[in-house]
Every structure is written in C-alpha cells, then in structure tokens.
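# An overview of the molecular structure
Chain residues, written in single-letter form:
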Amino acid sequence: MDLYDKDVVSIKDFSKEDIEGILDLSEQMIPYAKGEKIDRTLDGKILGNLFFEPSTRTKLSFESAAYRLGCDVIDVSEMSMTSMAKGETLSDTIRIVNAYCDAIVLRHPSEGAARLAANCSVKPVINAGDGAGSHPTQTLLDLFTMRQAKGTLDGLRITLVGDLKYGRTVHSLADALTMFGVKLTLVAPEGLQMPQDTIAHLREKGCTPTVETNLENVISNTDILYVTRIQKERFPDVSEYQKVAGSYRIDNNLLREADRDLIVMHPLPRVNEIAPEVDSTPHAKYFQQAFNGVPVRMALLHSVMGGEF
Ligand code: CP
C-alpha cells in the first residue's frame, strides 16, 4: 500500500505485506532514530500533534520522529487549552488545524474520534489512540519489537494478559496478529476479557484464541508475554476497578516457569503489573519497545508525508 497522504486509523486497513513493508522501513530508520545518521527529507513540513488525553511515549516519540526527519511540530496537549473548551466541535477543530499543518496525529478519549477526524480532514490523520478503541501505531511498534526479538512473527505463541476489555493496544494487536498465524492466549480477570465482537473478528480471520484466567497455566507455553495495565480511567465505577486492580503481577518467581527466551512486553505506562526486579532480566523488552516508537513512527511519517529515502 502506498501510504502517501493516507489516514492511519485502524490496523484492519493494513495487509500483512503493508505491515511488513513498514517494519522493514522502520529497521532502516534505527540509526536515524538514534541520531547516528541524519535524514531531513521532511524539511519544510509541519506535523500537528493533537493530544486530548495524557501521553508520554506516543506524543514524545511522534515529536522525536518528526524532528529527526527535519519536520516541525505544532501541538496541543489539553482540550481545555483549545477552543473546544468554548464548545467548538472536533470536526471544526480538525478543519482549522488542516490550515496549519501537513498531517495530524490525534489522541482522543472517544472511540471512533480518529475515524470522524479523518472523514472531515483534507490532511492525513494518524490515530494515536481513540478511547478504548484502537492504537494502530502502537501495534506497529509492538510487531516491530516482536520481530526484532524473535526474527519472525509467524507462528509465535503470544499471551495477552491484563485489561483486554478497555486496553486499546491489545485490540489492535490481536487484529494484526491474525495475519501471522500466531497461537493467541487471552488472560484477563473476570469482566475484563476481550470484547466478544473482537473475538468473533479474530475467529473470522482464522485465529481461535484460548481464553484463560490463570496466568500460571500458560506461562510455560508462551514466547511473548504482552502485559497491559488495568485501565482505571475507563471504569464507570471506581469500586469495580478496585475489585480487579492487581489481578496479575509479573515477577521473577513467575518467570522461573517460563522459557529462557520468553520476552515480556508492555505498552507502558505500568502501575504494578511488572515488578521492577524483572527490568534487569533478559526477558524485559518494554523499554526497547518504547524506544522502537521512534523508528516506527519515523517510517510512518516518512510514508504518509512523502519523504524520499
Ligand atoms: N503506550 C502508550 O500509548 O503510552 P502513552 O500513553 O504514554 O503514549
């Protein structure tokens, strides 16, 4: 797929070949992402970073990716600092920002907001997370990290654990993994399992996940353990959150049951899901994963905004 001038709203819009192409380009971007080589092919372009929900990794790695390519960035970090606080709609906001930049990165608390924005934007819109919906650029960097660690994505045994209901990263990731013939296991506390429509979609695509509540039962049959935070901010009632908070904790005791080569990933931020003692083990890949946001987003910006490489 030629991504030039295209929106990036859902990973479902990508084929396996599209994904592999972006991962290959991301690989080439690594020395540029580290500042070891210089590429300024987006010189003169402007990226509009609209973040209407908190973010550390996604916002800063998009900014870093843009600057590494010579692209300037304008940004908003709070809805309250825009005229949306005076009642301006998202559609009007997007139309206005269109006049100020060449592409828009949008994080928004409402599921579907990125699609709405893309539909009213003449400039490409990149979904940086829409409520409990999806997070396609996180998925690309997750796949990149998996391939980097394992050499392939095909046929891996992948366990997703944590909040599979509200965690948008796992929705996009599970969709993408159907293309790679993985063996998928879903481990979540009561009430936080993957939504039924997502599971139905996985089945349609030929991936029938194993559903579990006990992580100990599956740890020894896992190549990649993908951990997610319980998304406190999405619970309608804090008492419901308190019932499931701390359901899973990855520590060295649990990992004693794992293959030596098992890797632990997490989109971060973590709260208590992974004990700090894991950080210094060869299993821990979550900080590398966060760095990989830069080369992957460089590859995306390059493709969408039209850099020559
Ligand atoms: N992984 C991720 O989306 O992190 P941020 O919320 O910090 O951007």
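Please refer to the structure higher up on the page.
Presented here is an overview of the structure given in this document. (Residues numbered from 1 in each chain as written. Predicted model: local features only at pLDDT ≥ 70, side-chain atom pairs only at ≥ 80, totals over all residues. Heavy atoms only, no water.)

All right, on to the nonpolar core then. Judged by nonpolar contacts, the single largest core of 61 residues is most densely connected at Met-146, Leu-160, Leu-184 and Leu-301. There are two domains that each give this core at least three residues, and those are domain 1 (11-134 + 293-304) and domain 2 (136-290). The contacts of Leu-184, once residues within four sequence positions are left out, are Ile-158, Leu-160, Ala-174, Leu-177, Leu-202, Cys-207, Pro-209 and Thr-210. Counting residues in hydrophobic clusters, the runner-up holds 19 residues, among them Val-187, Val-218, Ala-258 and Ala-284. (Core = buried A, V, L, I, M, F, W, Y, C linked by side-chain atoms within 4.5 Å. Buried < 20%, exposed > 50% of the residue type's maximum accessible area, 1.4 Å probe, protein only. Domains from an automatic or database assignment. Contact = heavy atoms within 4.5 Å.)

Now for the state of the cysteines. On inspection of all chains with the given rule, the structure shows zero disulfides. Counting only cysteine sulfurs, Cys-101 is the nearest neighbor of Cys-71, a cysteine outside any disulfide, at a range of 9.1 Å. Taking the relative accessible area as the measure of exposure, Cys-71 reaches 1% and is therefore buried. When its relative accessible area of 3% is taken as the criterion, Cys-101 is described as buried. (Disulfide = S-S within 2.5 Å.)

Within a sheet, neighbouring strands are paired by backbone hydrogen bonds and run either parallel or antiparallel to one another. Pairing is parallel in the open sheet, where four strands are placed in the order S2-S1-S3-S4. For this open sheet the edge positions go to strand S2 (72-76) and strand S4 (125-130), each flanked by a neighbour on one side alone. Strand after strand, the sheet turns through a mean of 15° between neighbouring axes, direction not considered. Examined bridge by bridge, strand S1 (residues 46-51) and S2 share five bridges and lie parallel to one another. When the sheet's bridge partners are listed, Leu-50 is paired in S2 with Val-76. Strand contacts of helix H4 (residues 113-120): strand S3 (103-108) and S4, with the helix running at about 160° to S4, the strand carrying the most contacts. (Pairing = 2+ DSSP bridges. Helix = DSSP H or I, 4+ residues; strand = E, 2+ residues; numbered from the N terminus. Axes fitted to C-alpha atoms, helices over the stretch in contact; angles between N-to-C directions.)

Scanning the model with the defined rule gives 14 salt bridges in all. A salt bridge links Arg-157 to Asp-259, with the shortest nitrogen-to-oxygen separation between them at 3.2 Å. Highlighted residues: Arg-157 in strand S5 (residues 157-161) and Asp-259 in the loop between helix H9 (252-255) and strand S9 (263-265), separated in sequence by 102 residues. The class of Asp-259 is partly exposed, set by a relative accessible area of 33%. A salt bridge links Glu-240 to Lys-243; its shortest N-O distance comes to 2.9 Å. With Glu-240 and Lys-243 both in helix H8 (residues 238-244), this residue pair falls three residues apart, about one helical turn. (Salt bridge = Lys/Arg side-chain N within 4 Å of Asp/Glu carboxyl O.)

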